[in-house]
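Residue-level listing of the chains:
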Amino acid sequence: MAPSLDLANLPDADVVTLAQQGREAAFRELLRRYERPVFSLIFRMVRDREISEDLAQDTFIKVLNHIDRYRPEFKLSSWLFKIANNVAIDHLRKRQLDTVSIDGSPHAASAAEIEATSFDLVARQESALEEMEARELGSAIERAIARLRPEYRSCIMLRHVEGRSYEEIAATLDLPLGTVKTYIHRARHELREALEHVKGAGS
Amino acid sequence: MKHRHLLPDEIDQLLDGEAGFGVAPLVAHVETCDRCRAELADARQVVSALEHLPHFVPSPRFAERVMAQVQVFEPWHVTALDTIKQWVPASRPARALGLTALAMLALVISVTAVWMAVRLDAFLFFADLAGQRARQAVFGAAGDAIASTFGGAAVDALRAGGMTAAIGVTSFLAIVLLAVVGLRALVATARRRRI
């Protein structure tokens, strides 16, 4: 028998074409590729695992059910991040949940729920000391991100966590290029200030 | 440049690794100015920490929950094409062999079709003969079944009644069959709801 199509090695545009033809495997491949980045973006925006899953689910359902409307001149990831950002911002506007601790959901009623909704940061440093320092910096930066304005948050995450260019971020978030640069500059500045005490404690 | 420290925008230019006309003096300044060098190092540390942030993982059932609400409609031609592709051998010799077998089959069918077209009278004769044999076999089997279930009188009555009796009996059997299937479906649904 001929081997089945190796979707994992195809570029996004080809997988989207297969999805537009109605192939379920292509839908699953798109989900596999983007569930973590989309979920992470939303999680860092809303800081609640359960709500983040619901919003990420809404994002994928919107995109996958309207895959026939996808325009190949744009990146699929930009479209996904745009919708993910919009649903997260809409949620924050409704709930005003923009400055919540990373130590767990504000809706958690028990220790188990707090644990279930708290962040689990994974560091890949070699030594235990480096790992501890990285964890400390990672936790501190997560806290600092949580305190940023939502629009700064999405810009800084798309720039440095997802590695997008300024132009892509501007297109994704429907913002002028200058505004994106300003937001990222201010976000970096606020993060640096927020991390000063970590550095001070570490030195 | 020598008389002032870097502006925030200039630090950003260096952070983003921009290359261009105005970048060389900024780099030169950083090399000679401790304060700007320290500021740039701090900024790079923040960027590095951001770039090493991990992706969070949704729950294992996430993909299934999404797919349950995604409408996937595979057109018939895509399904057909995929089915055909599944039967295409992977290796080149096997494909060649398959193609040869297919070509031979096509040849046999074509020759048979041509023969049937040329000898239409013979074809019709054999077709009629096969039809008669099939009819006799079906009626014989149905007659035997009715005779063994309802007795020989039922077969005689059917033969006497002709088409009207046959339609009546068929309708009755169909209604009974549908009633049985419907009742079973109702029972199954009720059981599922209880679970």
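All figures in this text were calculated on a predicted structure; none of them were measured in a lab.

Cut-off values and rules
- Residues numbered from 1 in each chain as written.
- Chains lettered and ligands numbered in written order.
- Predicted model: local features only at pLDDT ≥ 70, side-chain atom pairs only at ≥ 80, totals over all residues.
- Helix = DSSP H or I, 4+ residues; strand = E, 2+ residues; numbered from the N terminus.
- Buried ≥ 20, exposed ≤ 12 C-beta atoms within 10 Å, placed from the backbone.
- Contact = placed C-beta atoms within 7 Å.
- Nonpolar A, V, L, I, M, F, W, Y, C, P; charged D, E, K, R; others polar.
- Axes fitted to C-alpha atoms, helices over the stretch in contact; angles between N-to-C directions.
- Parallel < 35°, antiparallel > 145°, perpendicular 65-115°, else oblique.
- Left-handed = near helix turned anticlockwise from the far one by under 90°.
- pLDDT = per-residue confidence, 0-100.
- Core = buried A, V, L, I, M, F, W, Y, C linked by C-beta atoms within 7 Å.

Caption draft 1: Up close: the overall build of chain B. From N to C terminus, chain B includes 9 helices and 0 strands. Mapped from its N terminus to its C terminus, chain B presents α and β elements in the order α-α-α-α-α-α-α-α-α. Counting the 195 residues in chain B, one finds 5% classified as buried. Taking the intrachain contacts of chain B between residues at least 6 apart in sequence as the baseline, contacts between residues at least 24 apart amount to 35%.

Caption draft 2: Representation of the interface of chain A and chain B. Taken together, the contact pairs 37 residues of chain A with 34 residues of chain B. Among the elements of the structure, α2 (24–46), α3 (49–65), α6 (128–147), α7 (150–161) and α9 (177–202) of chain A are those that each provide at least two residues to the side of chain A that touches chain B. Per-element accounting of the side of chain A that touches chain B gives the leading share, 10 residues, to α2 of chain A. Across the side of chain A that touches chain B, the residue classes tally to 20 nonpolar, 9 polar and 8 charged.

Caption draft 3: Fine view of the packing of helix α1 (residues 8–15) of chain B against helix α3 (residues 34–51) of chain B. All names here are of chain B. Taken N-terminus to C-terminus, the directions of α1 and α3 make an angle of 55°; their axes are 10 Å apart at the nearest point. With respect to α3, the element α1 is oriented oblique. Between α1 and α3 the crossing geometry is right-handed. Facing Ile-11, Leu-14 and Leu-15 of α1, the residues of α3 in contact are Glu-39, Leu-40, Ala-43, Arg-44 and Val-47. In the contact of α1 with α3, the residues fall into 6 nonpolar, no polar and 2 charged.

Caption draft 4: A look at the confidence of the model for chain B. Residues and elements named next belong to chain B. Per-residue confidence for chain B gives a mean pLDDT of 85; residues scoring 70 or more make up 96%. Averaged pLDDT values over the elements of chain B bottom out at 77 in helix α8 (residues 152–161) and peak at 94 in helix α4 (residues 62–68). Across the interfaces of the predicted complex, the ipTM metric reaches 0.74, alongside a pTM of 0.62.

Caption draft 5: Representation of the nonpolar core. Residues and elements named next belong to chain A. Among the nonpolar cores identified, the biggest contains 53 residues, and Ile-42, Leu-80, Ala-84 and Cys-155 are the most heavily contacted of them. Looking at this core, the element that brings in the most residues is α2, giving 11 residues. Not counting the four nearest positions on each side in its chain, Leu-80 is found in contact with Tyr-34, Val-38, Thr-59 and Val-63.

Caption draft 6: Examining the confidence of the model for chain A more closely. Residue and element names in this part refer to chain A. Taken as a whole, chain A shows an average pLDDT of 81; of its residues, 74% reach a score of 70 or greater. The least confident element of chain A, judged by mean pLDDT, is helix α5 (residues 111–117) at 49; the most confident is α3 at 95. Segment residues 114–126 is flagged for pLDDT under 50; beyond a separation of four residues in sequence, or across chains, it makes 25 contacts in the model.

Caption draft 7: Representation of unusual backbone geometry in the model. Residue and element names in this part refer to chain A. Despite not being glycine, Arg-47 has its phi angle at roughly 60°, a positive value. Relative to the helices and strands, Arg-47 resides in the loop between α2 and α3. Judged by the 26 C-beta atoms lying within 10 Å of it, Arg-47 falls in the buried class. Even without a glycine there, the phi angle at Asp-174 is positive, about 55°. Looking at the secondary structure, you find Asp-174 in the loop between α8 (166–173) and α9. Judged by the 9 C-beta atoms lying within 10 Å of it, Asp-174 is exposed.

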